[in-house]
Amino acid sequence: MSNGGRSISVLNVAEKPSVAKSVATILSRNQGMRVREGRSRYNKIFEFNYSIRGQPCRMLVTSVTGHVMELDFDDRYRKWYSCDPAALFEAPVRKIVPQDKLDIKRTLEEESRRCQWLVLWLDCDREGENIAFEVIDICTAVNQRLTIKRARFSALIEREIHESVQNLVEPNQWFAHAVDARQEIDLRIGASFTRFQTMLLRDAFVIDSVGDDRNLVLSYGPCQFPTLGFVVERYWEVQSHEPEEFWAINCNHRSEEGLATFNWMRGHLFDYTCAVIIYEMCIQEPSATVTKVRQQEKYKYPPHPLNTIELEKRASRYFRMSSEHTMKVAEELYQAGFISYPRTETDSFSARTNLQAIVQEQLEHPVWGSYAQQLLDPGSGLWRNPSNGGHDDKAHPPIHPTKFSPGENNWSQDHHKLYELVVRHFLACVSQPAVGAETTVEIDIAGEQFAASGRVIIAKNYLDVYRFESWGGSVIPTYLPGQQFVPTTLTLDSGVTRPPPLLSEADLLSCMDKAGIGTDATMHDHIKKLLDRFYVTKDQNTRFSPTNLGEALVMGYDDMGYKLWKPNLRSMMEFDMKAVSEGSKSKTEVLQTCLQQMKACFIDARLNKEKLFEAMSVFFDRSNRSVREDQHGTGEVVRLCQLCNQSNMVLKQSRDGNFMVSCLGYPLCRNVVWLPGSVSEAAITSSVCNSCTPRPIHMIQFKFRRSEIPPNYNVDHLGCIGGCDDILRQLTEICGTGSRMPARGRGSTQSQSTAQTISRQQMCTNCRQTGHSLGDCPSVVSAASHSRTRRRSTHDGEASVPCSTCGASCTVRTANTANNRGRKFYSCQAQGCNFFVWADSLDSGTGGGGRRDSNGVSSRGRGRGSRGSTFVSVTGEPVTGRCFACGDPSHFANACPNRNA
DNA sequence: GCAAGGTC
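Predicted model, so just to flag it, every value in this text is computed and none were measured.

Taken in spatial order, the six strands of this open sheet run S2-S3-S4-S1-S7-S8, and their pairing is mixed. Edge strands, defined here as strands with exactly one partner in the open sheet, are strand S2 (34–36) and strand S8 (147–150). Shown here is a sheet whose adjacent strand axes are inclined to one another by a mean of 30 degrees, direction ignored. Contacting strand S1 (8–14), S2, strand S3 (45–52) and strand S4 (55–63), helix H2 (residues 102–113) crosses the sheet at an angle of about 160 degrees to S1. Across the sheet, helix H3 (residues 126–142) is in contact with S1, strand S7 (117–121) and S8; its angle to S7 comes to roughly 160 degrees.

In C-alpha cells, the structure reads:
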C-alpha cells in the first residue's frame with residue numbers, strides 16, 4: 001500500500017454535511033484541520049493529514065446531500081401527451097443530475113481530479129450504497145485512475161471511525177442495484193398510472209370539491225396509494241358498522257370504605273333472553289360471596305428510546321402536530337444542534353453511549369433539572385439502563401438531546417414542545433418503571449362471577465418526568481375471602497357496539513410502518529401528499545377520512561379486482577429488493593418480471609376503465625361535454641315524462657353500455673330511470689302495460705347477462721318501468737344500476753338547475769330511482785349483502801330525518817344483525833356523531849316532541865313483552881334497566897340523547 | 001404536471 005512514503009490525496013465523501021464534519025473531526029483529532037468552502041454552500045471541505053495503514057494521506061472530507069442524481073425518462077417521453085402511458089413501461093430512462101445538485105457535482109469533479117483515492121462514507125444502507133455509486137460515476141468520469149474504497153461504520157464514534165478507515169472495503173454493487181430497481185419501478189408505475197388516470201378522469205367529471213380542477217393531478221404511487229387504502233378501508237369499516245345491542249349485568253357495592261364496581265366476567269351478551277334469565281337468577285339470590293382476593297405488584301415501563309416514527313406518533317398524540325410539521329421542527333432543532341439526527345429507525349442506545357453525560361447537561365433546567373439531578377444520584381435508585389426496542393439502522397442513535405436549552409428566543413411554541421418531548425422522553429428512558437399495587441376481588445352471585453379491581457401507585461418514577469403518560473388508579477374497599485355481602489345495586493344494562501374510530505395520524509403511521517410503506521424519512525411526505533392531492537382530509541382530532549375523490553379511485557380499482565391500493569404490491573417489491581441486495585436475484589431479472597406484471601395490470605386496468613368511471617360517477621357529475629358525447633342515439637319513446645308532463649321519455653344506452661330511460665326535456669327536466677347494470681340488450685315493444693298509468697307505457701324486452709343475475713331469474717324478460725314490475729325492481733336491487741349520481745353534500749351543489757331540484761324531490765331519496773318513495777325503496781327493505789351495493793346505499797342516503805344529537809342529517813339503513821335483521825334504522829352521517837335510532841320506534845311515536853321518548857324502553861317493550869316492571873333491585877327499587885352510556889333509566893343506550901357527549 | 005428516496 002505504501003508508495004515510498006509520498007503523501008497521496010484522498011477524497012472522502014459523506015452523505016450529509018454533518019457526517020463529513022464528524023468524520024473529519026474524529027480522524028483529525030481536531031488538530032491541524034482546515035475548512036474551506038466548496039461550490040455548494042452547505043457542503044464544506046475539511047482538510048488534514050492522516051495515515052491509512054502507514055500510508056501518509058492528505059485527507060479531503062466533503063459531502064453530498066442525499067442522492068445527487070435522479071431517474072427520469074428521455075426527453076422524448078417527458079411530455080404528458082408525448083406517448084401512450086403504456087409505453088412508459090419500456091421508454092428509455094437515464095440518471096441525471098438535477099439543476100440544484102450541479103454545484104455539488106462540480107465540487108466532486110474538481111476535488112477528485114487531484115486525488116488518487118476516493119473513500120465513500122455514505123450511510124451504510126441500501127440508499128447510501130446507491131448514492132456511493134452516483135459519486136463514483138461523477139468522480140471516475142473525470143479521473144479514471146481513482147482507487148475506490150468504501151468505509152463501513154455503524155456509528156459516528158471514534159473507535160468505529162478509526163477502525164473503519166483502517167479496514168476499507170469494496171462498495172456493494174448488489175445494494176446499489178436493489179435501489180436502481182426500486183427507482184425504475186417506482187418511476188414507471190407512478191408515471192404511467194398517474195398520466196392514465198389523470199387524463200382519463202380529470203376532464204370527464206366536475207370534480208368540484210377541489211376548486212379549480214383543470215390542473216388537478218390524480219397521482220398514483222406505490223406508497224401513496226396503499227396509504228390512501230388504509231384510510232379508505234377504515235372509513236368503509238366505520239360506514240358499514242351496524243350497531244348491535246348487547247346486555248351486561250353490573251354490580252355495585254357501597255360500604256363505609258367507599259364504592260366498588262364489579263364487572264360481569266362474561267363481559268356482555270348479545271342474547272337478551274339469555275341475559276335476562278341469568279339476571280333473574282342473580283336477583284332471586286342476590287347475596288355475593290368473595291371467592292378470590294389477589295394482590296399484585298404491577299409495573300408500568302417507560303417507553304423505548306425515541307426513533308422517527310415514534311417521535312411523529314407521539315407529537316401527533318400529545319400536541320396534535322402533523323408528522324410533516326414535526327419533521328420540519330425536528331430538522332430545525334437538529335440543524336441548530338439541540339437534538340440528534342431526527343431520521344432514525346434506531347430505538348436502542350449503543351452500550352458505548354455516555355448516557356449520564358446527556359442527563360448531566362439538563363441539570364440546570366428550571367423544570368426538569370431536579371429530576372435529572374435525582375437520576376444521577378445513585379442513592380435515589382431512579383436510574384435504569386434504557387430498554388432495547390429491537391431496531392437499529394446502524395447509522396444513527398435514537399433521537400436524544402445534544403445541547404441544553406432553557407428555550408431559545410427564536411423558538412416557536414412547537415420548537416419548545418418538541419424539544420421538551422425529546423428531553424423528557426430521554427430522561428424517562430433511563431428511569432425506573434412506575435410501580436403500583438393492584439387488588440383484584442372476585443365475587444360469586446348465584447353462580448355468576450364478577451370482578452372489581454383497584455390500584456394504588458407506590459412509586460411514580462419515570463411518570464414524574466414523562467408528563468405525557470398517566471396511570472390511572474382507584475381505591476376499592478378491603479374484602480376478605482369468604483366474606484358475604486348484599487350488593488347495593490344489581491342492574492341489567494344495555495349497550496350497543498360502536499364502529500372503530502377513523503384512523504388517526506398515529507394509527508396511519510403504524511399501519512405504514514407495519515406494512516413497510518415508505519421509510520422513516522418519507523412516511524410523513526406520503527401522508528402530506530394525500531392531503532395535497534385532495535384524496536383525504538384530516539379533522540381536528542387528527543383523524544383521516546377519504547374525500548369523494550380518494551374513495552372513488554380506490555373503489556374503482558377495487559371493483560376491477562385489483563389490489564393496487566393494498567400494501568401487498570410494495571411488500572412484494574420490497575421482498576425482491578432484498579433478494580437483489582443479497583445477490584440471489586439479479587436487478588435485470590427483477591425489473592423484467594415486475595414491470596411485465598405491472599404493464600399487464602396497466603393494460604387490463606385500461607380495458608376496465610369503466611369501473612373507474614362508475615366509481616367516479618357515484619360521487620361526481622359528468623362534465624357536460626362528456627355526458628352529451630356519452631349518450632348516443634335519440635332513442636325510442638317509452639312514455640310521457642310524468643315529471644315535466646311535457647316531453648317524452650326515451651330508451652338510451654350510455655357509452656359505457658348502461659341502459660336508461662330519460663326525459664327528452666334534458667337539461668330542463670332531468671328525470672331518468674336507470675336500468676339494471678346486468679342488462680345487455682333492451683328494446684321497446686309495441687305492447688303497453690295494462691296496470692301502469694298514465695297510458696301508454698311501453699313494455700321493454702330485456703336481455704340480462706346470465707353471469708350477472710341469480711340463477712332463478714330468466715335471461716329474457718318483458719318488463720315495465722312504470723312501477724309494476726317486481727322482477728325489474730329486484731334485479732335493480734341485486735345488480736345495481738349504471739346510474740351516475742351527483743356528488744353528495746361535501747362539494748358545492750349550488751349550480752344545480754331548478755328542474756333538477758324538483759325532480760330530485762320526487763325521486764326515492766335512498767336509491768334515486770323514480771316510481772317509489774323512500775319508505776318503499778327495495779334497497780332499504782332488503783338487507784343488502786353485496787358490499788359494493790351496501791357502500792353505495794350509504795352514500796346514496798339522503799337527508800331523511802334530522803339527527804337529534806347534532807342536528808345533521810340521518811340516512812335510513814337496514815340492520816343485518818341476528819336480532820334485528822331487516823329492521824330499518826336511521827344513522828347520523830355527521831363525522832364523529834354515532835347517533836342512530838330504530839325507524840319503527842319513530843313510526844310508533846306520536847311525532848314531534850314525543851319521538852325521542854318513544855325510542856327507548858316503551859317501544860321495544862311492546863315488541864318483546866313488557867320488561868319494565870319485571871325486575872326489582874335488591875334495594876327494593878324497581879329496576880327497568882338503564883342506559884349504558886349515561887345511566888338514565890328512562891331509555892337505553894341506543895336512544896341516549898347524550899351518547900356522544 | 002408523474003414516483004420514492006436521499007437531505008438543506
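There is more to say after this.
With that settled, the discussion passes to the protein's contact with DNA strand B. Around DNA strand B, 43 residues are found, and the nearest of them are Lys16, Thr65, Lys101, Arg202 and Cys223. Here DNA strand B approaches the protein such that, of its atoms within 4 Å, sugar and phosphate make up 65%. Those elements giving two or more residues to the surface near DNA strand B turn out to be strand S5 (70–73), helix H5 (173–201), helix H9 (323–335) and helix H14 (523–532). The element best represented in the surface near DNA strand B is H5, accounting for nine residues. A class-by-class count of the residues in the surface near DNA strand B yields 13 nonpolar, 15 polar and 15 charged.

With that settled, consider H9. The terminal C-alpha atoms of H9, which comprises 13 residues, lie 18 Å apart, in line with the 18 Å expected from a rise of 1.5 Å per residue. Every buried residue of H9 is listed here: Ser323, Thr326, Met327, Val329, Ala330, Glu331, Leu333 and Tyr334. Elements that come into contact with the buried residues of H9 comprise helix H1 (17–28), helix H8 (308–319), helix H12 (413–429), helix H13 (505–515) and H14. Two residues or fewer after H9 comes Gly337, characterised by a positive phi angle close to 85 degrees.

So, about the sheet that holds strand S17 (residues 503–504). Taken in spatial order, the three strands of this open sheet run S17-S19-S18, and their pairing is antiparallel. The open sheet terminates on both sides in strands that have one partner only, identified here as S17 and strand S18 (536–538). Where S18 lies against strand S19 (residues 543–546), three bridges are found, and the strand directions are antiparallel. Bridging from a neighbouring strand, Lys538 pairs with Phe544 of S19.

Reading the values: rules and limits
Residues numbered from 1 in each chain as written. Chains lettered and ligands numbered in written order. Predicted model: local features only at pLDDT ≥ 70, side-chain atom pairs only at ≥ 80, totals over all residues. Heavy atoms only, no water. Pairing = 2+ DSSP bridges. Helix = DSSP H or I, 4+ residues; strand = E, 2+ residues; numbered from the N terminus. Axes fitted to C-alpha atoms, helices over the stretch in contact; angles between N-to-C directions. Contact = heavy atoms within 4.5 Å. Near = heavy atom within 4 Å. Nonpolar A, V, L, I, M, F, W, Y, C, P; charged D, E, K, R; others polar. Expected span 1.5 Å × (residues − 1). Buried < 20%, exposed > 50% of the residue type's maximum accessible area, 1.4 Å probe, protein only.

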